[in-house]
Amino acid sequence: MGMHESIKTPAAGAILLLVAVGAPAVRSAAQPSSGGVVGAARLEAIWSDVEEELRLRRHDKEALKLLRDYGLNRDIDKPHRGSNGSIVFSFGATQVRIICAPLRVCDVALQPGEIVTGMHIGDRGRWGILPADVGKGPTAATHVVIKPHAANLHTNLVIHTDRRVYQLELVSRKKDHMPLVSFSYPDDARAAWEAYLSHRREESAEVAMDLGRASIEDVNTDYEISGDEPPWRPRAVYDNGERTCIKMPQGLRRTEAPVLLLEERKQMQIVNYRVRDGCYVVDRLFEKAVMINGIGKQQQRVEIQKKHEKKRRGRR
C-alpha cells in the first residue's frame with residue numbers, strides 16, 4: 001500500500017499506516033528511492049492530515065465536562081497571599097495553574113515532611129524542573145523549581161508524593177510569573193479534627209471504664225440535690241472515690257449549660273469539667289457544689305451536697 005493511499009483511508013487504515021511507518025524498510029512516494037526512515041517532521045505532517053473519526057461517547061463528554069468545570073471552579077476560595085509573598089492554593093479544590101516566565105524561576109513549596117516519589121512533565125525539552133530541599137529533619141520541605149525556556153508554552157506537571165498527587169498546569173508568559181507557590185490542605189484540617197474527636201471519645205470510654213470498674217461498695221451515691229427546678233437540673237450525682245459524675249438530663253442544649261462552682265474554704269470557685277455521655281465529669285471529689293445559670297432575677301441555682309456532710313454539720 002502506498003503512503004498517499006493510506007492517508008485517505010479511515011481510522012483503521014491510519015493504524016496500519018503507523019505500523020508501516022515504524023518499519024525501516026518501508027518506502028513512500030515522498031521518500032527518495034534510496035529508502036530510509038520517515039523523519040519526525042514528515043511524520044507529524046502526515047498525522048496532521050489524518051481525519052479523526054473516533055466519536056466521543058456520552059460518558060466521555062460528561063467526563064470532559066467535569067474536567068472543564070474542575071478547571072473553572074469559581075465556587076472555591078480564591079488563592080490568597082501566604083508568608084514570604086507566596087501564592088497559596090487550596091489543594092484539591094480546582095486545577096492549579098502556575099504562571100512562569102523565561103529567565104525567571106517559579107518555586108513550588110510542598111508540605112513540610114512530604115517526600116517526593118515521582119515527577120513527570122509533559123514537555124521535558126522546553127521546561128526545566130529541579131527539586132530542592134529546605135530545612136532538615138521531619139520538618140524539611142521539598143521545593144520544585146520550574147523554569148520555562150521560552151514564552152507561550154503550555155504543559156502539565158504531575159508530582160507524586162507519599163501523601164498525595166499534585167496535578168499542575170504550567171503556562172509561560174513573557175512578563176507575568178509566580179515566584180513562590182504553596183498550598184493549604186483542608187483535608188488535613190478535617191483529619192486533625194477527626195483525630196481530636198476520636199481522642200476525646202477514647203477519653204470518654206476511659207472515664208466510663210474507671211467508673212464502671214468500681215464495685216458497688218466503692219460507688220458513692222449519697223448526694224442531695226436541692227434548689228430550683230430548671231430543665232438542666234441534674235438527675236443524679238455519684239463518685240468512685242476519684243472522680244465525680246453529675247448526670248444531666250437528656251437533650252441538654254449548650255446554651256442551657258450552667259456554671260459549676262465548688263465550695264473550698266468557705267468560698268465558691270469555678271471548676272472545669274468534661275462532658276461525657278451526658279455526665280459532667282469532675283476529676284476530683286467535693287463536699288458541696290453549686291450550679292448556676294443566668295443572672296439577677298432570672299438566675300437559676302441548684303445545690304449539690306454530700307449527705308454525710310450535711311448530717312455531720314447537723315450533729316454540731
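These remarks concern the structure in this document. (Residues numbered from 1 in each chain as written. Predicted model: local features only at pLDDT ≥ 70, side-chain atom pairs only at ≥ 80, totals over all residues. Heavy atoms only, no water.)

**Some details on the overall build of the protein chain**
Part 1: A tally of regular secondary structure across the protein chain gives six helices and 19 strands.
Part 2: For the protein chain, buried positions account for 31% of its 316 residues.
Part 3: A separation of at least 24 residues holds for 59% of the contacts in the protein chain among residues at least 6 apart in sequence.
Part 4: In the structure as shown, the protein chain presents an accessible area of about 21,300 Å², 53% of it carried by carbon and sulfur atoms. (Helix = DSSP H or I, 4+ residues; strand = E, 2+ residues; numbered from the N terminus. Buried < 20%, exposed > 50% of the residue type's maximum accessible area, 1.4 Å probe, protein only. Contact = heavy atoms within 4.5 Å. Areas by Shrake-Rupley, 256 points an atom, 1.4 Å probe, with all protein chains shown as cover.)

**Digging into the packing of aromatic side chains**
Part 1: Applying the stated criterion across every chain, the model contains seven aromatic pairs.
Part 2: Ring centres of Tyr 273 and Tyr 280 lie 4.2 Å apart, and the angle between their planes is 20°; on these two criteria the pair is classed as stacked.
Part 3: The partly exposed category is assigned to Tyr 273, whose relative accessible area is 26%.
Part 4: Ring pairing ties together the aromatic residues Phe 89, Phe 91, Tyr 166, Phe 183 and Tyr 185, which thus form one cluster.
Part 5: Here the guanidinium or amino end of Arg 164 rests over the ring plane of Phe 91, the centre of that ring lying 5.3 Å away. (Phe/Tyr/Trp six-rings, centres within 6.5 Å; stacked < 30°, edge-to-face > 60°. Lys NZ or Arg CZ within 6 Å of the ring centre and 35° of its normal.)

**Let's talk about the state of the cysteines**
Part 1: Scanning the model with the defined rule gives one disulfide in all.
Part 2: Here Cys 245 connects covalently by a disulfide to Cys 279, the sulfurs 2.3 Å from one another. Because the sign of the S-S torsion sets the handedness, a value of about -60° for the bond joining Cys 245 and Cys 279 places this disulfide among the left-handed ones. Of the two residues, Cys 245 is situated in strand β13 (residues 244-247) and Cys 279 in strand β17 (residues 279-282); the sequence distance between them amounts to 34 residues. Taken individually, Cys 245 and Cys 279 each receive the classification buried, so the pair is uniform in this respect. (Disulfide = S-S within 2.5 Å.)

**Things to note about the sheet that holds β17**
Part 1: The sheet built from four strands is open, its strands ordered β12-β13-β17-β16 with antiparallel pairing. The open sheet has two free edges, formed respectively by β12 (236-239) and β16 (274-276), since each of these has just one partner strand. Neighbour to neighbour, the strand axes of the sheet diverge by 25° on average, direction disregarded.
Part 2: Direction of pairing for β16 relative to β17: antiparallel, over a ladder of three bridges. (Pairing = 2+ DSSP bridges. Axes fitted to C-alpha atoms, helices over the stretch in contact; angles between N-to-C directions.)

**Some words on the sheet that holds strand β2 (residues 87-90)**
Across a sheet, paired strands are connected by hydrogen bonds in the backbone, their directions being either parallel or antiparallel.
Part 1: Across the sheet, six strands lie side by side as β1-β2-β10-β4-β7-β6; this open sheet has mixed pairing. Looking at the sheet topology across the chains shown, the edges are occupied by β1 (80-81) and β6 (127-134).
Part 2: Across eight bridges, β6 lies against strand β7 (residues 141-148) in antiparallel orientation. Looking at β7, one finds that Ile 129 is bridged to Ile 146.

**Some remarks on the environment of Gly 135**
Part 1: Along the polypeptide, Gly 135 turns up in the loop between β6 and β7.
Part 2: Judged by its relative accessible area of 55%, Gly 135 is exposed.
Part 3: The sequence separation of Gly 135 and Pro 112 amounts to 23 residues, and the corresponding C-alpha distance is 9.0 Å.

**Quick word on unusual backbone geometry**
Part 1: Of note in the backbone geometry, Leu 103 takes a positive phi value of approximately 65° without being a glycine.
Part 2: Within the secondary structure, Leu 103 is located in the loop between β3 (96-100) and β4 (106-109).
Part 3: For Leu 103, a relative accessible area of 72% corresponds to the exposed category.

**Overview of the pairing of β3**
Part 1: Burial of β3 is one-sided: the residues Val 96, Ile 98 and Cys 100 facing one way are buried, the residues Arg 97 and Ile 99 facing the other way are not.
Part 2: As paired elements, β3 and strand β9 (residues 165-172) share five bridges and run parallel to each other. From the neighbouring strand, Ile 98 faces β9, where its bridge partner is Leu 170.

**Describing the environment of Cys 245**
Part 1: Looking at Cys 245, the relative accessible area reads 0%, which means it is buried.
Part 2: Along the backbone, Cys 245 and Arg 274 are 29 residues apart, and their C-alpha atoms lie at a distance of 9.6 Å.

**Digging into the nonpolar core**
Part 1: Ranked by size, the top nonpolar core spans 21 residues in total, and within it Ile 98, Val 108, Ile 146, Leu 157, Leu 168 and Phe 183 carry the most contacts.
Part 2: Secondary-structure elements contributing two or more residues to this core are β3, β4, β7, β8 (154-161), β9 and β10 (180-184).
Part 3: Apart from residues lying up to four places away in sequence, Ile 146 is in contact with Cys 100, Arg 104, Val 105, Cys 106, Val 108, Trp 127, Gly 128, Ile 129, Leu 157 and Leu 170.
Part 4: Membership of the second largest hydrophobic core comes to 15 residues, among which are Trp 232, Val 237, Val 282 and Val 302. (Core = buried A, V, L, I, M, F, W, Y, C linked by side-chain atoms within 4.5 Å.)

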